[in-house]
Amino acid sequence: VVTTQITTAGAPSNTANLTVLAPPTIAKVFSPASIQTGGTSGVTLTLSNSNPITPLTGAFLSDTLVNMSAATGAVTGTCAGTTPSTLSAGTTNVSFGGITIPANGSCTLIFNVTSNTPGVQPNTTSGVAANETPTAGSASNTANLTVLAPPTISKAFNPTSIQPAGTSTVTLTLSNGNASALNGGAFTDTLVNMTAGGAVGGTCGAVPTTLAAGSTLLTFLGSTIPANGKCTVTFSVT
């Protein structure tokens, strides 16, 4: 500093440091990314702290689950101090707090979800705030959980009435209400007071393609049921 009376500047100030902290980031993934209705998938949230020397403490976030809900079980992962440590079945508004994210590092938070709503279910988790960065960062990516309804099967005889030792054709119709094909379809048919034999037809691509005469315990494998569609398996009985 100089003045009118003192024209030679005095000593400069001390060096003051301003530390600028970036808010944490968050990434989301389902594993597995596809489940049957009523099945369970694990949600992994990865919280990252790019600040080189400052851990972020008391981090908190929320997750609104749409067309899915938390499954009963422990909250796991590597994030220290996470609360709550367990979730109750049916919870759809999930919040976590008390998390410490290490400096220049990351940690994970894992919990399970379930869904009975078929289709692709997108989900996004809120940004993360912490004691040192009270304004939350950006929300996570949108992760998709595909929920598949199991196929259905119906059965018909043609004709529906035969004389003893006559023959009727069985048609099994496999239906798939999902937007993606279902592969490797397998099912069994136990014949009572009748037997099968001969070629196996239809559009499902099932194996075996022939049945030994007199067969009563039938197992079909490898059916492919098209998306939002149907296929058939046919064989003869007497």
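Residues numbered from 1 in each chain as written. Predicted model: local features only at pLDDT ≥ 70, side-chain atom pairs only at ≥ 80, totals over all residues. Heavy atoms only, no water.

### As for the packing of aromatic side chains
What the rule picks out here adds up to three aromatic pairs. Of the aromatic side chains, those joined through ring pairs into one cluster are Phe 187, Phe 220 and Phe 235. (Phe/Tyr/Trp six-rings, centres within 6.5 Å; stacked < 30°, edge-to-face > 60°.)

### Some points on the pattern of salt bridges
What the rule picks out here adds up to two salt bridges. For the salt bridge of Asp 63 with Lys 28, the shortest nitrogen-to-oxygen distance reads 2.7 Å. With a gap of 35 residues between them, Asp 63 in strand S4 (residues 56-64) and Lys 28 in strand S1 (residues 25-31) connect regions that are remote in the sequence. Overall, Asp 63 belongs to the buried group, its relative accessible area being 0%. Under the relative-accessibility criterion, Lys 28 is labelled buried at 5%. Lys 155 is paired through a salt bridge with Asp 189; the nearest N and O atoms lie 2.7 Å apart. Placement of the pair is Lys 155 in strand S13 (residues 152-158) and Asp 189 in strand S15 (residues 182-190), with a sequence separation of 34 residues. (Salt bridge = Lys/Arg side-chain N within 4 Å of Asp/Glu carboxyl O. Helix = DSSP H or I, 4+ residues; strand = E, 2+ residues; numbered from the N terminus. Buried < 20%, exposed > 50% of the residue type's maximum accessible area, 1.4 Å probe, protein only.)

### Regarding the state of the cysteines
Note on terminology: a disulfide is the covalent bond linking the sulfur atoms of two cysteines. Within the structure shown, the criterion is met by two disulfides. In this model Cys 204 forms its disulfide with Cys 231; the gap between the sulfur atoms is 1.9 Å. Measuring the twist about the S-S bond at about 95°, one finds the Cys 204-Cys 231 disulfide to be right-handed. A residue pair is termed long-range when its members are at least 10 positions apart, and Cys 204 in the loop between strand S17 (201-202) and strand S18 (210-215) and Cys 231 in strand S20 (residues 229-237) qualify at 27 residues. The exposure classification of Cys 204 matches that of Cys 231, with both residues buried. Disulfide partners in the protein, listed by the sequence order of the bonded cysteines, are 1-2, 3-4. (Disulfide = S-S within 2.5 Å.)

### Examining the pairing of S20
Of the two faces of S20, only the one carrying Gly 229, Cys 231, Val 233, Phe 235 and Val 237 is buried; Lys 230, Thr 232, Thr 234 and Ser 236 on the other face are not. Where strand S14 (residues 168-176) meets S20, nine bridges bridge the pair, whose relative direction is antiparallel. Looking at S20, one finds that Thr 171 is bridged to Thr 234. As defined by bridge partners, S17 adjoins S20 across two bridges and the pair is classed as antiparallel. Looking across to S20, one finds that Gly 202 is bridged to Val 233. (Pairing = 2+ DSSP bridges.)

### A word on the nonpolar core
If you look at the biggest cluster of nonpolar residues, it comprises 28 residues, and the most contacted ones within it are Leu 47, Phe 96, Ile 99 and Phe 111. Listed by contribution, the elements that provide at least two residues to this core are S1, strand S3 (40-49), S4, strand S9 (93-101), strand S10 (105-114) and strand S12 (143-148). With residues near it in sequence (within four places) discarded, Leu 47 still touches Thr 25, Ile 26, Leu 61, Cys 79, Ile 99, Ile 101, Gly 105, Ser 106, Cys 107 and Val 128. (Core = buried A, V, L, I, M, F, W, Y, C linked by side-chain atoms within 4.5 Å. Contact = heavy atoms within 4.5 Å.)

### Describing unusual backbone geometry
That bond from Thr 83 to Pro 84 is cis: its omega, -5°, falls within 30 degrees of zero. Structurally, the position occupied by Pro 84 is in the loop between strand S7 (76-77) and strand S8 (86-87). Here the bond from Asn 158 into Pro 159 is cis, since omega is 0°, no more than 30 degrees from zero. Even without glycine at this site, Ala 165 takes up a positive phi of about 75°. Structurally, Ala 165 is set in the loop between S13 and S14. A positive phi angle, close to 50°, is found at Asn 228, a residue other than glycine. Secondary-structure assignment places Asn 228 in the loop between strand S19 (217-225) and S20.

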